[in-house]
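# An overview of the molecular structure
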Amino acid sequence: ACLLIASVLYNKAMDYYQKAIDIAEKENITDKDMLGLAYKFLGDCARIKGNFAKTLEVYKKARAIFAETEDGKKLIDSLDGEINRIEFGLSAMDKFRDYDDLVSKATSYHKERKWELAFENYKKALELAKVIRGSAKEESLIKDMAEREKWLNNEITRLDSNLKAVETSKKTKPAEYLN
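Residues numbered from 1 in each chain as written. Predicted model: local features only at pLDDT ≥ 70, side-chain atom pairs only at ≥ 80, totals over all residues. Heavy atoms only, no water.

### Observations concerning the overall build of the protein
Looking only at helices and strands, one finds eight helices and zero strands in the protein. At 26 Å, the protein has a C-alpha radius of gyration far larger than the 16 Å of a compact globule built from 179 residues. Structurally, the protein occupies a C-alpha span of about 85 × 30 × 30 Å along its principal axes. Of the contacts made within the protein by residues no fewer than 6 positions apart, 53% connect residues no fewer than 24 positions apart. Accessible surface, the protein: about 11,600 Å² in total, of which carbon and sulfur atoms supply 53%. One finds the centroid of the 33 positive side-chain charges in the protein at a distance of 5 Å from the centroid of its 32 negative side-chain charges. (Helix = DSSP H or I, 4+ residues; strand = E, 2+ residues; numbered from the N terminus. Rg over C-alpha atoms; globule rule 2.2 N^0.38 Å. Contact = heavy atoms within 4.5 Å. Areas by Shrake-Rupley, 256 points an atom, 1.4 Å probe, with all protein chains shown as cover. Lys, Arg positive; Asp, Glu negative; His and termini not counted. Charge placed at Lys NZ, Arg CZ, Asp CG, Glu CD.)

Here's what the structure looks like:
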């Protein structure tokens, strides 16, 4: 499996690691360090392929196994760091997906002249942008989110003006809004 990783054949390497794990568990092989490493390497392959949910799953299994052995305990800090980074990344991806959904909805509502709904969704997106920026570690992401916040603030200000104008029109020309 290690040679397959070196040859960038990750799917095949993952198959071999999984077979090794299955055999070790079926045969009740007692070398916990080797079993933990097989899980760790399986997770490494999944991470390289971008399958972070699978990576997290097998890294946690590796961690549990490493916690049972003296040699394995030496690897736990490193593995915990990887687990934390992946959990943060998955959480951030969810937040970005939610942010994009809110902006998309707000933009659609804006085009449809549904000012209140656009306003609400832009406000929610702004709050989420602040959360993302607040948890970001990379300077480029911090700058990007600050720019997005600036744009959202401008949209919210514009919509607020539109909403106020509509309210004023309703008061001065109520007959037009009865239909």
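What follows continues from the structure just given.
### Describing unusual backbone geometry
Positive phi, close to 65 degrees, is recorded for Arg113, a residue that is not glycine. Owing to a relative accessible area of 60%, Arg113 belongs among the exposed residues under this scheme. (Buried < 20%, exposed > 50% of the residue type's maximum accessible area, 1.4 Å probe, protein only.)

### Section: helix H6 (residues 76-111)
For H6, with 36 residues, the first-to-last C-alpha span of 52 Å sits near the 52 Å given by 1.5 Å per residue. A positive phi of about 65 degrees marks Arg113, the residue just after H6. (Expected span 1.5 Å × (residues − 1).)

### Examining the pattern of salt bridges
Evaluated as defined, the whole model comprises 18 salt bridges. Ionic pairing is found between Arg47 and Asp44, a salt bridge with its closest N-O pair at 3.8 Å. On the criterion of helical spacing, the pair formed by Arg47 and Asp44 is a turn pair, its members being three residues apart in helix H3 (residues 32-48). Among the residues examined, Arg47 registers a relative accessible area of 32% and is labelled partly exposed. Residue Asp44 is classed as buried on the basis of its relative accessible area of 12%. (Salt bridge = Lys/Arg side-chain N within 4 Å of Asp/Glu carboxyl O.)

### As for the nonpolar core
Tyr17, Ile21, Leu35, Tyr39, Leu42, Cys45 and Leu79 are the most contacted members of the largest nonpolar core, which has 22 residues in total. At the level of elements, helix H2 (10-26), H3, helix H4 (52-66) and H6 are the ones that each hand at least two residues to this core. Counting 17 residues, the second largest nonpolar core, distinct from the first, contains Ala106, Ala118, Leu128 and Met145. (Core = buried A, V, L, I, M, F, W, Y, C linked by side-chain atoms within 4.5 Å.)

### Quick notes on the packing of aromatic side chains
In the structure shown here, the tally under the stated rule is two aromatic pairs. The lysine or arginine in question, Lys19, covers the ring of Tyr16, its NZ or CZ lying 5.5 Å from the ring centre. (Phe/Tyr/Trp six-rings, centres within 6.5 Å; stacked < 30°, edge-to-face > 60°. Lys NZ or Arg CZ within 6 Å of the ring centre and 35° of its normal.)

### A few points about the environment of Lys137
For Lys137, the position within the fold is in the loop between helix H7 (115-135) and helix H8 (139-172). Residue classification places Lys137 among the exposed residues on the basis of a relative accessible area of 73%. As for Lys137 and Met93, which are separated by 44 residues in sequence, their C-alpha atoms are 14 Å apart.

### Section: the packing of H2 against H3
Interaxial distance between H2 and H3 falls to 9 Å at its minimum, and their mutual angle equals 155 degrees. On the basis of the axis angle, H2 is roughly antiparallel to H3. Here H2 and H3 pass one another in a crossing that is left-handed. Touching Tyr10, Ala13, Met14, Tyr17, Gln18, Ile21, Ala24 and Glu25 of H2 are Leu35, Ala38, Tyr39, Phe41, Leu42, Cys45, Ala46 and Ile48, all from H3. When the residues that make up the contact of H2 with H3 are grouped by side-chain class, the tally is 14 nonpolar, one polar and one charged. (Axes fitted to C-alpha atoms, helices over the stretch in contact; angles between N-to-C directions. Parallel < 35°, antiparallel > 145°, perpendicular 65-115°, else oblique. Left-handed = near helix turned anticlockwise from the far one by under 90°. Nonpolar A, V, L, I, M, F, W, Y, C, P; charged D, E, K, R; others polar.)

### Section: the side chain of Thr55
With respect to the secondary-structure elements, Thr55 resides in helix H4. Residue class for Thr55 comes out buried when judged on its relative accessible area of 0%. Discounting chain neighbours no more than four positions away, the residues touching Thr55 are Gly43, Ala46, Arg47 and Ile86.

### Section: H8
Residue pairs spaced three or four apart in an α-helix point in one direction, given the helix's 3.6 residues per turn. In this model H8 runs 50 Å from its N-terminal to its C-terminal C-alpha over 34 residues, within 8% of the 50 Å that 1.5 Å per residue would give. Those residues of H8 not exposed but buried are Met145, Glu149, Leu152, Glu155, Ile156, Leu159 and Leu163. The secondary structure elements touched by the buried residues of H8 are H6 and H7.

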